[in-house]
Each structure stands twice: as structure tokens, then as C-alpha cells.
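Residue-level structural notes
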Amino acid sequence: MKCVIAVDVGASNLRLATFSGRKMKNRISFKLQSSVNPIDYIEEYIKKFSKTCSPIGIASAGPIDIKKGSVKLINYNNLTINYVESLKGYGDVYITNDCIAGLLAEKRFGEAKKTKNAVYLTFSSGIGAGVMVDGHILIGKDGNAHEIGHLVLNYEDDTVCGCGKNGHWEAYCGGKSMPKFFYKVTGKKVISPEEIFKMYYEGQSEAVEFIEKCMKINAAGLASLIDAYDPEVIILSGSVYLNNEDVFMKKLQELTKNYVMNRMPELTTARLREDSVIFGAGILATLKGKLP
Ligand SMILES: [Zn+2]
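The structure contained in this document is the topic of the report that follows. (Residues numbered from 1 in each chain as written. Predicted model: local features only at pLDDT ≥ 70, side-chain atom pairs only at ≥ 80, totals over all residues.)

The description of two packed helices rests on the angle between their axes and on the distance between the axes. One can describe the packing of helix α5 (residues 178–186) onto helix α7 (residues 205–229) by two numbers: an axis separation of 11 Å at closest approach and a directional angle of 115 degrees. Relative to α7, α5 is oriented so that their crossing is right-handed. Residues Phe182, Val185 and Thr186 of α5 touch α7, and the partners they reach there are Glu206, Phe210 and Lys213. (Axes fitted to C-alpha atoms, helices over the stretch in contact; angles between N-to-C directions. Helix = DSSP H or I, 4+ residues; strand = E, 2+ residues; numbered from the N terminus. Left-handed = near helix turned anticlockwise from the far one by under 90°. Contact = placed C-beta atoms within 7 Å.)

See below:
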């Protein structure tokens, strides 16, 4: 069976693999520093496999310029990469947002199989989503119809988001922003969301109050999402979520009801867990970029 190349450029992880149908091979992953250019690693991998496998599907953290085939990577010092230009000569390249890829994979193999209305929502370095309404994946004029991490949840607050604007959901509870927000709320310095959750599980009162606050913010964001798109299922993923699944699930079920108008959808965990996006990139390549 013919194979394709799949690339997942996350905010802090890079995953690469080849797919023959559903079978994943040659999977490698790196944790990347914000000072490197992921394209160097991608090109090295593609050089090795492009003679036997094509086309290339790339699922990337955004925001994206779908017509140019470029993205601005907020977590890599706002580095702009044009994947199509950079990988010229290695076969056709198709790109999409990483959360759309996650949604594609869950639609084909996972939790969205039986529905036409689904949201794939990730809590990792940032907060992002892929959205399917009535069987169509939403794209938008530049390819960013689903940038829900940048929903304004507090228009009066000056907490600055990684994108440079104020009061965005991700600026409070995206993994990368959580330590900064924790400092603002408690005056205590931490370096990672893991550290905050560790203090939470130990029952340290400041961390318990902070996670309560964050879950209220997450519930408000989730409610906005449900009221905007009316999904049947919300598929949750991303490292911050997957490492703290029980807390998120319990709190979101409980708190979202206070904010949402529409009927609550089912909340569930991505069946492919951290591999949804790389599977989705493979599906994107197989579909030659033609999304449902
Ligand atoms: Zn933002």
C-alpha cells in the first residue's frame, strides 16, 4: 500500500510519521525549544522518506494563512514558516491547523465517528479547537474559523495573550500562560502548569483556589463554544488536559452549566489521545487536502 508523510507541529512538540492506510510507521517526536526552526527537522525527515511516501500532510499550530500555506508560530518567537515554499521539490504539501487534524482523526477513527456536529478542543501550551458543523469543517477566510483560544473572556482586563491582544481565554488558562496568571493571582512564581497542578493535588490552598478559578474560566470558554457551534460532542485533548483528565472532566461538567444556554453536549476524551493530530495529518495527506 502507498504511504504518505504526516507532520504535527505543536507549540512545543514536533511529531513525524508515515502512514499506509491506518498503519503508522517511522514515528519520531521531539520536544522543541522556542529558539529553533521546526522546518529544519521536518526537511531532514522528509528528505529521508519523500522518495517512497507522498504527499505530505502538515498539521500546525496557527494562526494560519491557508492561501499562502504559511503559519505564524506564536510559541517560536512569532516565527513565520511557509511550509509550501520551504518544502518545494519534495512532493505536494497540504497544511491545516493542528486541531482540525485532531478532529479529522477523531471523525474517522474516534469519538466523532457517529456525528456531524463535533468540536475537538485542546488544552496544551495554548487552547485551540477544530469545529465541524453539519458535516463541514469550518475554515474561514484565512483558515482560522476556530481560534477559540483567543475568545475574549474579559474585555476590561489587561492580561496579554501570546498573540499580543488582551483578555483572551488562552492568556489565562493556556499551559504557557498559566504560570504568569498564577503569579498575577497569588504573587508566587512557578515555571509550569505541572507545578501548579502538583500543588493542587497536594491540597495547597492557593493552588486549589487558582485551579478552581481556571476551571471557571475554562467553563465560560466552553459555554461560549457550545453556544456558538451547538456540537453534539466535545472531544478533549492536549497535554494539560490529558495529564489532569479527571479534574477537567469533573469541573467542566459541573461548572459549564452555569454559563451555557444551549443544550449540553457530551464531553469526552480523544480516543487517539496525543496521537490524534499526527493521524489527522496523515488523513489530510490521503485526502489531498480536501476537507469535508
Ligand atoms: Zn490571543
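So that's the structure; there's more coming.
What follows covers unusual backbone geometry. Geometrically, the link from Ser54 to Pro55 is a cis peptide bond, its omega value of -5 degrees lying close to zero. Here Pro55 lies in strand β4 (residues 53–60). One non-glycine residue, Asn26, adopts positive backbone phi at about 50 degrees. Take Asn26: there are 15 C-beta atoms within 10 Å of it, and that puts it in the partly exposed class. (Buried ≥ 20, exposed ≤ 12 C-beta atoms within 10 Å, placed from the backbone.)

This part covers the sheet that holds strand β6 (residues 70–73). Backbone-to-backbone hydrogen bonds pair the strands of a sheet. The strands run either parallel or antiparallel. In spatial order, the strands read β5-β6-β7; together these three strands make up an open sheet with antiparallel pairing. Here the strands that pair on one side only, and so sit at the sheet edges, are β5 (64–65) and β7 (79–82). Direction of pairing for β6 relative to β7: antiparallel, over a ladder of four bridges. Directly across from Val71, in β7, lies its bridge partner Ile81. (Pairing = 2+ DSSP bridges.)

We now examine helix α1 (residues 38–49). Between the first and last C-alpha of α1 there are 17 Å, a value that for 12 residues agrees with the 16 Å anticipated at 1.5 Å per step. Of the positions making up α1, those classed as buried are Pro38, Ile42 and Ile46. Across the axial projection of α1, the buried residues extend over an arc of 55 degrees, all falling on one side. α1 presents Asp40, Glu44 and Lys47 as exposed residues on the side facing more than 90 degrees away from its buried surface. In this structure, the buried side of α1 is in contact with β1 (3–9), β2 (13–20) and β4. (Expected span 1.5 Å × (residues − 1). Arc of directions from axis to C-beta.)

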